[in-house]
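# Chain and residue survey
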Amino acid sequence: MRILVATVKRAPYLVFVLSGVTLAILFLIFELKLGLQQSLSGFGQQVATGCVLLVLLSYQWVLFAKRVTRNNNNAHQSLTIHRWVGVVTTLAFTAHAVRFGHVWMTGVSVVFFLIALTGVLNRTVLRYRQNWIYLVWMVCHIGLSAALVPLVGVHIWVALAYQ
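From a predicted model like this one, the values you see are computed outputs, not experimental measurements. (Residues numbered from 1 in each chain as written. Predicted model: local features only at pLDDT ≥ 70, side-chain atom pairs only at ≥ 80, totals over all residues. Heavy atoms only, no water.)

### Section: a nonpolar patch on the surface
Rules: A patch consists of residues exposed above 30% relative accessible area that lack any salt bridge, with like charges linked at up to 9 Å and nonpolar side chains (Val, Leu, Ile, Met, Phe, Trp, Tyr) linked at up to 5 Å. With residues, only the protein chains shown are counted as cover, and all accessible areas are computed by Shrake-Rupley using a 1.4 Å probe. A side-chain nitrogen of Lys or Arg and a carboxyl oxygen of Asp or Glu constitute a salt bridge if their distance falls within 4 Å. Elements are defined by DSSP. Helices are runs of H or I of four residues or more, strands are runs of E of two residues or more, and each kind is numbered from the N terminus. Whether a residue is buried, partly exposed or exposed follows from its accessible area with a 1.4 Å probe, protein chains only, as a fraction of its type maximum: under 20%, in between, or over 50%, in that order.
A cluster of nonpolar side chains, contributed by Phe43, Val47, Leu54, Ile156 and Leu160, occupies part of the molecular surface with about 390 Å² of accessible area. Mapped onto the nonpolar patch, the elements with two or more residues apiece are helix H4 (42–68) and helix H8 (131–161). Its place among the elements puts Val47 in helix H4. For Val47, a relative accessible area of 34% translates into the label partly exposed.

Have a look at this one:
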């Protein structure tokens, strides 16, 4: 229990991301709807939450760009913002997701959840003892994020084409 409390103190976003992923999975499995649909039509809600998700996911690539360009200005602050935007993105996905649906839509959801979970299992939470483990983690997290980009593009195209 002491280890769990220490981990939550070190990484307070951990509880929010795990709660968001759990809620999103439950919403998808049981096809639950949020109260947003009363103020917006079903398609209107999807467009609104989808636009929010697109902005949040786009912002997440700022940290990658900073790493590639070796821009270390405010590195700790950028990483902290990246983590909290990840939390908000997970919660926004919960509002956006409707059901698992077709195989490729399930694939988008699974990739999204894996990105969120690998994001949570970072160096602050797990304290990797060897650098190669950290590199494997980073390749998985960034690789899954890169795989999400074309999936989101296809999702947007299909969603708008058939509405």
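Picking up where we left off.
### A look at the nonpolar core
This is how the line gets drawn: Here, nonpolar core means buried Ala, Val, Leu, Ile, Met, Phe, Trp, Tyr and Cys residues that are tied together by side-chain atoms lying within 4.5 Å of each other.
Among the nonpolar cores identified, the biggest contains 25 residues, and Val17, Phe93, Phe113 and Leu148 are the most heavily contacted of them. Mapped onto this core, the elements with two or more residues apiece are helix H2 (13–30), H4, helix H5 (75–96), helix H6 (103–120) and H8. For this core, the element with the highest residue contribution is H6, accounting for 8 residues.

### Remarks on H2
Just so we agree on the cut-off: Between the first and last residue of a helix there are one fewer steps than residues, each counted as 1.5 Å, and that sum is the expected span.
Across its 18 residues, H2 extends 26 Å between first and last C-alpha, which sits within 8% of the 26 Å expected from 1.5 Å per residue. Among all positions of H2, only Tyr13, Leu14, Val17, Gly20, Val21, Ala24, Phe27 and Leu28 are buried. At the C-terminal side of H2, Glu31 shows a positive phi close to 50 degrees.

By themselves, these are just geometric observations and shouldn't be taken as functional.
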